[in-house]
Amino acid sequence: NTRFNIAIDGPAGAGKSTVARHVARKLGYIYIDTGAMYRAVALHMLEQGIRPSEPSKAKQAMKDIRIELLPGEDGQRVLLNGLDVTRQIRTPEISLMASQFAQHEDVREQLVAMQRELATKKGIVMDGRDIGTIVLPSAEFKWFLTASVDERAKRRYAELKDKSEVTLEQLKHEIAERDRQDENRVISPLRQAEDALLLDTTHMSIDEIVELMVKETLSRI
Ligand code: C5P
């Protein structure tokens, strides 16, 4: 029974996490949402009153942070120092802060080490921004998912509209701002790995994307 690692990267709202979760379930793999880790870091910093412009305080605060990812009913539960923060990390404020703290070298080093550790046993579907390039450069499958900003904002909106007060305009703005930060940062910027397959999902349904990925994976086993 051959087990692979599958890396899924792309900009905010491209459908990565939904797709990754379904692909993992169909293959009997474990799904790891690395964005949730950066979000948990952002929440930790917010609680400690540390701003993204304070790298030495942030470095210190990284020493007493414990992040756990647990399988849950619909998706993954995120624990920060033992407390369930699954819902709390899904606000626009945390999204932008996560993207800012994700520029810090110490933050990335610590999270990347954790992510590599989680992937050593294979059979992992991991999504993020730098999985194919930095975290798991030798992953057997690498995908880069994109979609237009409008489409990505619409998808996020559909996901969040019952859970939060956020408007479509706000989401569009937040997503464009995060794209800009994630693509232009110095360390591990968002980019497609040379050996990644590019998939523009603007006109694809989640089911179509999942089916394509599962088919590709099974064809190589
Ligand atoms: O994927 P998600 O939108 O939850 O990620 C939140 C933020 O965390 C991203 O905007 C990005 O700045 C950062 N991130 C990252 N590297 C990853 C995953 C997320 O820099 N592998």
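Residues numbered from 1 in each chain as written. Predicted model: local features only at pLDDT ≥ 70, side-chain atom pairs only at ≥ 80, totals over all residues. Heavy atoms only, no water.

Quick note on the threshold: UniProt positions are given in the numbering used here, feature names are shortened, and annotations may be inferred rather than shown by experiment.
As recorded in an unreviewed UniProt entry, the protein goes by Cytidylate kinase and comes from Paenibacillus aquistagni. Regarding the protein, the UniProt comment filed under Sequence similarities (unreviewed entry) reads as follows: "Belongs to the cytidylate kinase family. Type 1 subfamily." What UniProt records for the protein under Subcellular location (unreviewed entry) is the sentence "Cytoplasm".

### A look at the side chain of Ser99
To keep it simple, the criterion reads: Elements are defined by DSSP. Helices are runs of H or I of four residues or more, strands are runs of E of two residues or more, and each kind is numbered from the N terminus. Whenever two N or O atoms come within 3.5 Å, that pair is a polar contact, provided that in protein one can donate a hydrogen and the other can accept it, and provided that, for residues adjacent in sequence, both atoms are side-chain atoms.
Checked against the element boundaries, Ser99 lands in helix α4 (residues 92-101). A polar atom in the side chain of Ser99 sits 2.6 Å from the side chain of Gln181. Side chain to side chain, Ser99 and Asp182 meet in a polar contact 2.9 Å long.

### Re the site of the ligand
This is how the line gets drawn: It suffices for a single heavy atom of a residue to lie within 4 Å of a molecule or strand for the residue to be listed as near it. Surface exposure here means Shrake-Rupley accessible area, sampled with a 1.4 Å probe, where a residue is shielded only by the protein chains that are shown. Only Asp, Glu, Lys and Arg are considered charged in this grouping, and only Ala, Val, Leu, Ile, Met, Phe, Trp, Tyr, Cys and Pro are considered nonpolar; every other residue, Gly among them, is considered polar.
Surveying the vicinity of the ligand reveals 16 residues, the closest of which are Arg39, Arg108, Asp130, Arg178 and Asp182. Arg108 is positioned such that a nitrogen or oxygen atom in its side chain is 2.8 Å from an oxygen atom of the ligand. At 2.7 Å from an oxygen atom of the ligand is found a side-chain nitrogen or oxygen belonging to Arg178. Considering the ligand on its own, with 450 Å² of exposed area, one finds that the protein chains cover 97% of that surface. Of all the elements in the fold, those that place two or more residues in the shell around the ligand are α2 (34-48), α4 and α8 (168-184). Of the residues forming the shell around the ligand, the biggest block, 4 residues, is contributed by α2. Grouping the amino acids of the shell around the ligand by side-chain chemistry returns 4 nonpolar, 4 polar and 8 charged.

### Some words on the sheet that holds strand β3 (residues 67-72)
Selection rule: For two strands to count as paired, DSSP must find a minimum of two bridges between them.
Read from one edge of the open sheet, 3 strands run β3-β4-β5, paired in antiparallel fashion. Looking at which strands have only one partner, the edges of the open sheet turn out to be β3 and β5 (83-84). Two elements, strand β4 (residues 75-80) and β5, share 2 bridges in a ladder whose sense is antiparallel. Looking at the pairing, Leu80 lines up with Leu83 of β5.

### Here we look at the nonpolar core
As a reminder of what qualifies: Put simply, buried Ala, Val, Leu, Ile, Met, Phe, Trp, Tyr and Cys residues joined by side-chain atoms within 4.5 Å make one nonpolar core. Think of it in three bands: with a 1.4 Å probe and only protein chains considered, a residue is buried below 20% of the maximum accessible area for its type, exposed above 50%, and partly exposed in between.
Judged by nonpolar contacts, the single largest core of 35 residues is most densely connected at Val41, Met45 and Met126. Those elements that provide at least two residues to this core are α2, α3 (55-61), β4, α4, α5 (105-118), β6 (124-128) and α6 (131-135). Looking at which element gives the most residues to this core, the answer is α2, with 8 residues. Membership of the second largest hydrophobic core comes to 20 residues, among which are Ile6, Leu27, Tyr29 and Val210.

### Some remarks on the packing of aromatic side chains
Keep this limit in mind: Side-chain rings of Phe, Tyr and Trp (the six-membered ring for Trp) are treated as a pair once their centres are within 6.5 Å; stacked means planes under 30 degrees apart, edge-to-face means over 60, and tilted covers the remaining angles.
The final tally for this structure, using the stated rule, is 1 aromatic pair. Taken together, a centroid distance of 5.6 Å and an interplanar angle of 65° make the contact between Phe4 and Phe141 edge-to-face. Taken together, the residues span a long stretch of sequence, with Phe4 in the segment before β1 (5-9) and Phe141 in strand β7 (residues 141-146) at a distance of 137 residues. Residues Phe4 and Phe141 agree in their burial class; the two are buried.

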